[in-house]
Amino acid sequence: MGLLFVILLSSCQSADKIKLEQYYIGGKEIFEANCANCHQKDGKGLQNLYPPIAGSDYLQNKSQVILAIKYGLTGEIKVNGKVYNQPMPANSHLQNLDIAEVVTYIYNEWGNEQKLTTVEEVEEVLKKK
Ligand code: HEC
């Protein structure tokens, strides 16, 4: 393997890593400004009112999560076997990039992912609505 190739390969990987870090940091800010009031900074939720995001089985369906963030959520839902039924307000002011960042943050912090949720993924989900 040529040296140039090795350099290109490693710089490419670190560019991805930097982008992931940017999304994570931006997403953390968005979370703390828009979500932590209810779900708490540690993502553990608040008693019977606000479900946890940390370790939530609801995260298995990322499209559902993206829709809930953008349009809000009402009616009964189950998180880790426990029933919640309080309205979550819409976040219509959040742009697709903001949503991609906050989703990247919650999935990397609490959902066992080590990758980016892209703006394109968010667009794809919201387009179907
Ligand atoms: C005013 C309080 C409030 C705010 C602010 C809020 N949520 Fe929620 N969230 C809720 C409630 C209540 C539910 C449960 C909705 C239901 O019972 O139908 C919920 C459900 C969820 C769920 C699905 C269940 C789970 O816990 O996994 C996710 C994911 C989620 N919220 C993420 C977010 C994100 C990300 C933000 C910020 C962009 C946010 N929420 C802002 C109250 C809130």
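What comes next is a walk through the structure. (Residues numbered from 1 in each chain as written. Predicted model: local features only at pLDDT ≥ 70, side-chain atom pairs only at ≥ 80, totals over all residues. Heavy atoms only, no water.)

1. So, the site of the ligand
Taken together, 25 residues sit near the ligand, with Cys35, Cys38, His39, Gly75 and Met88 positioned nearest. Interatomic distance of 2.8 Å between a side-chain N/O atom of His39 and a nitrogen atom of the ligand. A distance of 2.5 Å separates an oxygen atom of the ligand from a polar backbone atom of Gly75. Of all elements in the fold, only α2 (36-39), α3 (62-71) and β1 (77-79) reach the threshold of two or more residues within the shell around the ligand. Each residue belonging to the shell around the ligand can be placed in one class, and the counts come to 17 nonpolar, eight polar and no charged. (Near = heavy atom within 4 Å. Polar contact = N/O pair within 3.5 Å; in protein donor to acceptor, adjacent residues only side chain to side chain. Helix = DSSP H or I, 4+ residues; strand = E, 2+ residues; numbered from the N terminus. Nonpolar A, V, L, I, M, F, W, Y, C, P; charged D, E, K, R; others polar.)

2. Looking at the side chain of Lys62
For Lys62, the position within the fold is in helix α3. A distance of 3.2 Å separates a polar atom in the side chain of Lys62 from a polar atom in the side chain of Glu113. In contact with Lys62, not counting residues within four places along its chain, are Val103, Tyr107, Glu113, Lys115, Thr117 and Glu121. (Contact = heavy atoms within 4.5 Å.)

3. Focus: the pattern of salt bridges
Taken as a whole and assessed by the stated rule, the structure comprises four salt bridges. Glu113 is the partner of Lys115 in a salt bridge, and the nearest nitrogen-oxygen pair spans 3.9 Å. Its relative accessible area of 44% is what places Lys115 among the partly exposed residues. A salt bridge links Lys127 to Glu124, with the nearest nitrogen and oxygen atoms 3.4 Å apart. On the criterion of helical spacing, the pair formed by Lys127 and Glu124 is a turn pair, its members being three residues apart in helix α5 (residues 119-127). For Glu124, a relative accessible area of 39% gives the class partly exposed. Overlapping salt bridges, with partners in common, bring together Lys62, Glu113 and Lys115 in one network. (Salt bridge = Lys/Arg side-chain N within 4 Å of Asp/Glu carboxyl O. Buried < 20%, exposed > 50% of the residue type's maximum accessible area, 1.4 Å probe, protein only.)

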